[in-house]
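Listed below, chain by chain, are the residues.
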Amino acid sequence: MLGSGLSNQTGASIAALAFPVLGPVGVVAVRQWVAAVALGVLGRPRLRHFTARQWRLVLGLALVFAGMNLSLYSAIDRIGLGLAVTLEFLGPLAVALAGSRRRLDLLCAAAATGAVVVLMRPSSSTDYLGMALGLLAAVCWGCYILLNRAVGSQLPGVEGTAAAAGVSGALYLPVGGWVLWQHPPTAAALGCALAAGVLSSAVPFLADLLALRRIPAHLFGVFMSVNPVFAALAGLVVLGQRLDMLAWFSIAVIVAANTAALVAAPRPAAQERAPSTDVVP
């Protein structure tokens, strides 16, 4: 789990190094192509056997993949890695708290909301578009969790996720090809984009699968809370992006709110045996 989180956020920070040459769209396109190949080899989806309902779910998941990664990388380009991933993390927190009436969950939601207000405090240098893109990534991540549950119930193994990654990669062929044609990549930029695809897609996916065979799903979800912290540290070390004390405090509050909500959540046996719902490739 530690390797998965570090690999994912290190990959995102390396991806940002290619933004000046390829832009977020070009980097996301390369990442989606790497993910499509890696997951296609692992999942080996039997596309001809998919029903119309299964295809609808797969296409929905593919669109979420495309939107989630593009909005996140665009947010990273504007507001930095730590803040972008922290805002994106509100997606799983919202799913965890949705429909709950427990006092603890309401307190967690209020704490997370207050932390977001602090993160987005208005000033002359506030990038509201970047913040909005981070929140859009959060919406996409929440939709991913819900759609992945449905796909997992309809298709065996990782066939649905692999098929969705393939469709998402295909969607990026025209725009990615155009970006690469208009902005010919340097060897360094292309290497960074490919490394991001491996570190942020292939490695975390394999590591998560191995981890989820050994631990309960809720424990995995709790450990995912460290990703905003890893993102802030990766942004500092790799990109030199520094956060002020209020931003660090806000990240800590959001991480704590998510941890508290997951630790205290009821865990039926059926949920414990369905760990794949919270894996984000």
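No experiment lies behind these values; they were computed from the predicted model shown.

Please clarify how the confidence of the model for the protein should be interpreted in this entry.
The predicted coordinates should not be examined in detail at positions where pLDDT is low. In this model, the protein carries an average pLDDT of 83, and 90% of its residues clear a pLDDT of 70 or more. The lowest-confidence element of the protein is helix 13 (residues 269-272), averaging 48 in pLDDT; the highest-confidence one is helix 3 (residues 52-79), averaging 91. Segment residues 270-281 is flagged for pLDDT under 50; beyond a separation of four residues in sequence, or across chains, it makes 34 contacts in the model.

What am I meant to see in helix 8 (residues 159-182) here?
Owing to its 3.6 residues per turn, the α-helix aligns residues three or four sequence positions apart on the same side. Compared with the 34 Å implied by 1.5 Å per residue over 24 residues, the 34 Å span of helix 8 between its first and last C-alpha is a close match. At leucine 173, helix 8 shows its maximal bend, which comes to roughly 45 degrees, and the proline proline 174 appears one to four places after that position.

Is there a simple way to explain the nonpolar core in this structure?
Soluble globular proteins: nonpolar side chains tend toward being buried together. In this structure, Val27, Tyr73, Ile76 and Leu90 are the most contacted members of the largest nonpolar core, which totals 47 residues. Ranked by residue count, the leading element in this core is helix 2 (residues 19-43), at seven residues. Excluding residues that lie within four positions of it along the chain, leucine 90 makes contacts with Ala112, Val116, Leu135, Ala138 and Ile254. By size, the runner-up hydrophobic cluster in this structure holds 25 residues, among which are Phe50, Val58, Phe65 and Met68.

I tried to follow helix 5 (residues 90-97) on my own but got confused; where do I start?
What helix 5 keeps buried is the set Leu90, Gly91, Pro92, Leu93 and Leu97. In the core, the buried residues of helix 5 are packed alongside helix 4 (81-88), helix 6 (103-119), helix 7 (128-154) and helix 12 (245-264).

What counts, and at which threshold
Residues numbered from 1 in each chain as written. Predicted model: local features only at pLDDT ≥ 70, side-chain atom pairs only at ≥ 80, totals over all residues. Heavy atoms only, no water. pLDDT = per-residue confidence, 0-100. Helix = DSSP H or I, 4+ residues; strand = E, 2+ residues; numbered from the N terminus. Contact = heavy atoms within 4.5 Å. Expected span 1.5 Å × (residues − 1). Bend = angle between axes of the 7 residues up to and from the residue. Core = buried A, V, L, I, M, F, W, Y, C linked by side-chain atoms within 4.5 Å. Buried < 20%, exposed > 50% of the residue type's maximum accessible area, 1.4 Å probe, protein only.

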